[in-house]
Amino acid sequence: MSDLRVYEWETSDGHHGGTPHLHTVSNEGYVVIGGSGEVHTLSSEGYARDPLSAGSVLWFSPGTVHRLINTGDLHILTVMQNSGLPEAGDAVLTFPLEIVSDAERYRSAVTLPEGTEAKRGEAARRRRDLAIKGYAELLAGLEEGDRRPLDAFYAAASALVQPRVEEWTKLWTDTVLADVETTRSQLAALAEGDASHLGDAAVVRAVPRPEPRAFGMCGRLGIWDADRR
């Protein structure tokens with residue numbers, strides 16, 4: 001979960017907003033807290049534009065290319081599936097195909113440098129603009145009824161993340177699957193009239209990380225650190 005203030009930087013196609021990308025195995029959800037904007041998506045349904053305002057809720061499945069457009073102080077609570085996989089590289093930005101198809105070039109393009117806020121901000125904006133260039137190619141294909149550019153991007157994105165699947169599987173097993181198995185055992189216990197797990201009830205508290213906010217793909221991110229003691 002993160003608190004997202006969507007970028008207000010202008011784009012080459014006359015909008016303001018964030019970096020288009022997809023997630024390879026994770027759902028993502030938006031709960032709009034304030035402001036206004038849109039999310040533009042490329043998916044099995046083609047191209048879509050959904051308006052966003054305070055109270056809007058939507059989520060999308062892996063493979064949905066999404067781009068946030070900010071028309072006025074767009075502020076979103078984002079909720080990600082899979083307990084850490086998105087932060088571990090599950091997202092792939094829509095750079096042009098020749099970059100996504102080359103792991104070294106992709107890594108160089110996606111990584112923000114160390115340095116001042118201004119330096120990192122400039123790099124985040126360049127990264128956003130490069131992804132919009134690739135996104136425009138995918139959108140043009142769909143608008144002409146040609147899915148081949150999107151399918152080629154899917155194939156390149158899959159190949160790009162494949163070396164990390166073993167690492168991701170362990171992370172998922174230690175977190176998501178472990179929680180599923182805990183719930184399974186609790187249901188089995190309740191079926192037998194055993195409520196002993198209720199005696200282990202606990203509260204997890206989280207505190208926001210210090211400012212400044214991180215430079216995310218779509219905007220400045222506020223993140224919480226959970227105290228699991």
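Read on for a plain summary of the structure. (Residues numbered from 1 in each chain as written. Predicted model: local features only at pLDDT ≥ 70, side-chain atom pairs only at ≥ 80, totals over all residues. Heavy atoms only, no water.)

Let's talk about the pattern of salt bridges
Stage number 1. For the structure shown, the criterion picks out 13 salt bridges.
Stage number 2. A salt bridge links arginine 49 to glutamate 38; the shortest N-O distance between them is 3.0 Å. Of this pair, arginine 49 sits in strand β4 (residues 46-53) while glutamate 38 sits in strand β3 (residues 28-43), and the two are eleven residues apart along the sequence.
Stage number 3. Of the charged contacts, one joins arginine 220 and glutamate 117 as a salt bridge, the two residues approaching to 2.8 Å between their closest N and O atoms. Here arginine 220 is found in strand β10 (residues 219-227), whereas its partner glutamate 117 is found in helix α3 (residues 117-143), with 103 residues between them in sequence.
Stage number 4. For arginine 220, a relative accessible area of 21% puts it in the partly exposed group.
Stage number 5. Given the relative accessible area of 35%, glutamate 117 is considered partly exposed.
Stage number 6. Beyond isolated ion pairs, a larger network of salt bridges with shared partners links Asp3, Glu211 and Arg213. (Salt bridge = Lys/Arg side-chain N within 4 Å of Asp/Glu carboxyl O. Helix = DSSP H or I, 4+ residues; strand = E, 2+ residues; numbered from the N terminus. Buried < 20%, exposed > 50% of the residue type's maximum accessible area, 1.4 Å probe, protein only.)

Observations concerning the pairing of strand β1 (residues 2-6)
On any regular strand, side chains alternate: one points to one face of the sheet, the next to the other face.
Stage number 1. β1 sits mainly inside the fold: four of its five residues count as buried.
Stage number 2. Note that β1 and strand β6 (residues 65-80) share four bridges and pair antiparallel. For serine 2, the partnering residue across the bridge sits in β6 and is threonine 78. (Pairing = 2+ DSSP bridges.)

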